[in-house]
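Given next are the chains, with one letter for each unit.
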Amino acid sequence: MNRHLIAACAACVCASPAFAQSSITVSGIVDLAARHVGNEGVGSIKSLVNGSNSTSRLVFSGREDLGGGLSAGFHLEHGLLADTGKQVGADKFWDRRSTVSLASTSLGEARLGRDFVPSYTVWSRHDPFSYVGVARSANLVSATPVGPIRAAFGTNANTTVRSDNAAQFLLPGGLGGVEGGLLAAAGEGGDVASGRAKVFGMRLGYAAKRFGVSAAATSSENSLTTAGRFKDAVIGAHVDVSNVRLSGAWRQFKYDQARQALLLLGAVATWGPHQAKASWVKADLSGTVGATVIDGNDADQWGIGYVYNLSKRTALYATAATVSNDEAARYVISDGPAGMAGGGSSRGYEAGIRHRF
């Protein structure tokens, strides 16, 4: 069924005279890497993994100029596992994004559908590793340990990255560097097992030539959040010094009496076809989940990486990272062996190739 859907979309793009009058684009990324992850006390695993520099994806997007500064558009983005040929989401084909929009150069954009939540948008722009690979900050954003994310969502899909059923308003360009947006999503019953949540979020930022700052807040309600809303707040900034971008961000997840704060510091140096990256991420948990005290279940992650751009579309890369846990914390780098005890460490490194089309 999915093969027929892709073929139909491609046929429409290539053959339809009506579509040809609009701007239609088929694009994507294929990214694969060889990875080694070792977790203290339980051994190591070598694997071929997907999307360690940029997530592998297939994208159909289009835009129609309606005149007078107005345009209509759509964006359909499918995550794929290039190492196995499977799709990322078992229940969502356009899992990364599926939106339709109406935009005005002077008034802004109204956008409907599945998309990133404001808090993720602000946080990820300050992560030198773009939330992917062994050094991604997402290693410390997990529903596995006892904390606010697990308390609010269990092991079901959460709203730390995307929201279904969303309606957004995005500010127009040309506001002297000011950007931002509002998002609201209908809960449609809020059944957490079905991935539904009532979501509201906002973000605001300012960017100059060599400096930028932004902040966001997102809240969610579902059938598990009987003690109140799950809250996700972020603030971040970056500054460019010569050919080096320095970034920093703070994020907090909060539900009932449980909190998780994240602090990120990053640097990216670019010269010619070369790029070097480094980051440090700290997870600090506090409070309680029921009768369980989570104070001290903290973790630190260090990451370094190098990218060599063979062209505008193709790059080779290598990344290494280590996660150190305190007390009962068990944060790990993905694709490693299971069963590490609390307070253990996780180490990983990888090398791969990324191609855009």
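Please read these numbers as outputs of a predicted model, since none were measured by experiment. Chains are numbered independently. Their residues run from 1 in the order of the written sequence. Residue-level local features of this predicted model are given only where pLDDT is at least 70; pairs of side-chain atoms are given and counted only at 80 or more, and the full residue set underlies all totals for whole chains, interfaces and linings. Side-chain calculation: all heavy atoms of the structure are included, whereas hydrogens and water are not.

### Things to note about the overall build of the protein chain
Logical step 1: A tally of regular secondary structure across the protein chain gives 4 helices and 19 strands.
Logical step 2: Taken over C-alpha atoms, the radius of gyration is set against a globule rule of 2.2 Å times the number of residues to the power 0.38. Compactness check: the protein chain gives a C-alpha radius of gyration of 21 Å against a globular reference of 21 Å for 357 residues, within 12% of the reference.
Logical step 3: Note on exposure labels: buried denotes an accessible area under 20% of the residue type's maximum, exposed denotes more than 50%, and partly exposed covers the range between, all computed with a 1.4 Å probe on protein chains only. In the protein chain, which comprises 357 residues, the share counted as buried stands at 45%.
Logical step 4: Excluding contacts between residues fewer than 6 apart, the proportion of contacts in the protein chain whose partners are at least 24 apart in sequence is 56%. Comment: elements are numbered from the N terminus, with helices defined as DSSP H or I runs of at least four residues and strands as E runs of at least two. When checking whether two residues touch, look at their non-hydrogen atoms; a contact exists if any pair is within 4.5 Å.

### Brief notes about the side chain of T99
Logical step 1: If you trace the backbone, T99 turns up in strand β6 (residues 97-104).
Logical step 2: Within the structure, T99 has its side chain in polar contact with the side chain of R97 (distance 3.0 Å).
Logical step 3: Leave out the neighbours within four places in its chain, and T99 touches G73, F74, H75, R111, L112, G113, R114 and D115. Whenever a nitrogen or oxygen atom comes within 3.5 Å of another N or O atom, the pair is scored as a polar contact, on the condition that within protein one atom can donate a hydrogen and the other can accept it, and that pairs from neighbouring residues in sequence are kept only if both atoms are in side chains.

### Brief notes about the pattern of salt bridges
Logical step 1: Criterion for a salt bridge: a side-chain nitrogen of Lys or Arg within 4 Å of a carboxyl oxygen of Asp or Glu. Enumeration according to the criterion identifies 16 salt bridges in this entry.
Logical step 2: For R57, the salt bridge is made with E77, and the minimal N-O distance between the two is 3.3 Å. Taken together, the positions of R57 in strand β3 (residues 57-67) and E77 in strand β4 (residues 70-81) put the pair 20 residues apart, joining distant regions of the chain.
Logical step 3: On the accessibility criterion, R57 (17% relative accessible area) is buried.
Logical step 4: Between E109 and R111 there is a salt bridge, with the nearest N and O atoms lying 2.9 Å from each other.

### Focus: the confidence of the model for the protein chain
Logical step 1: Per-residue confidence from the predictor is reported as pLDDT, a score between 0 and 100. Across the protein chain, the average pLDDT comes to 94, with 94% of residues at or above 70.
Logical step 2: Taken together, the stretch residues 12-20 has pLDDT below 50 and engages in 7 contacts with residues farther than four places along the chain or on a different chain.

### Details of the packing of aromatic side chains
Logical step 1: Centres within 6.5 Å are what make two rings of Phe, Tyr or Trp a pair, Trp counting through its six-membered ring; a difference in plane orientation under 30 degrees is then read as stacked, over 60 as edge-to-face, and the rest as tilted. Scanning all chains against the criterion turns up 7 aromatic pairs.
Logical step 2: A ring pair is formed by W280 and W302, whose centres lie 6.2 Å apart and whose planes are at 45°; its orientation type is tilted. In this pair, W280 sits in strand β15 (residues 274-289) while W302 sits in strand β17 (residues 299-309), placing the two residues 22 residues apart along the sequence.

### A look at the pairing of β4
Logical step 1: Both β3 and β4 contribute to a ladder of 10 bridges, which runs antiparallel. Bridge pairing links S61 to H75 in β4.
Logical step 2: A loop of 2 residues connects β3 with β4, the two strands running antiparallel in sequence, and G68 in this loop sits at a positive phi of about 65°.
Logical step 3: Strand pairing is assigned whenever DSSP detects at least two bridges linking the two strands. Pairing between β4 and β6: 8 bridges, direction antiparallel. Following the sheet pairing, F74 is matched in β6 by V100.
Logical step 4: With 2 bridges connecting them, β4 and strand β5 (residues 86-87) associate as antiparallel partners. Bridge pairing links L80 to Q87 in β5.
Logical step 5: Remark: 4 residues form the turn of the hairpin made by β4 and β5, two consecutive strands paired antiparallel; G85 in that turn has positive phi of roughly 85°.

### Let's talk about unusual backbone geometry
Logical step 1: The phi torsion at Y131 lies on the positive side, around 70°, for a residue other than glycine.
Logical step 2: Relative to the helices and strands, Y131 resides in the loop between α3 (118-124) and α4 (148-153).
Logical step 3: Note on Y131: relative accessible area 9%, which makes it buried.
Logical step 4: Residue N165 is not a glycine yet carries a positive backbone phi of 55°.
Logical step 5: Here N165 is to be found in strand β8 (residues 162-170).
Logical step 6: Under the relative-accessibility criterion, N165 is labelled partly exposed at 34%.

### Describing a negative patch on the surface
Logical step 1: A patch consists of residues exposed above 30% relative accessible area that lack any salt bridge, with like charges linked at up to 9 Å and nonpolar side chains (Val, Leu, Ile, Met, Phe, Trp, Tyr) linked at up to 5 Å. Here, Shrake-Rupley sampling with a 1.4 Å probe gives the accessible areas, and only protein chains in the shown set may cover a residue. For the charge count, each Lys or Arg is scored as positive and each Asp or Glu as negative, with His and the chain ends excluded. For the purpose of locating charges, the reference atoms are NZ of Lys, CZ of Arg, CG of Asp and CD of Glu. The grouping of D284, D295, D326 and E327 at the surface amounts to a negative patch.
Logical step 2: Checked against the element boundaries, E327 lands in the loop between β18 (314-325) and β19 (345-356).

### Some thoughts on the nonpolar core
Logical step 1: We call a set of buried residues a nonpolar core when its members are Ala, Val, Leu, Ile, Met, Phe, Trp, Tyr or Cys and they connect through side-chain atoms within 4.5 Å of each other. Counting residues in hydrophobic clusters, the biggest one holds 37 residues, and the most contacted among them are W123, Y131, L140, I149, F230, L262 and Y331.
Logical step 2: When contributions to this core are tallied by element, the ones reaching two or more residues are α3, α4, β12 (230-241), β13 (244-255), β14 (258-271), β15 and β18.
Logical step 3: Beyond its immediate stretch of four places on either side in the chain, L140 contacts Q260, L262, V281, K282, A283, A299, Q301, V323 and Y331.

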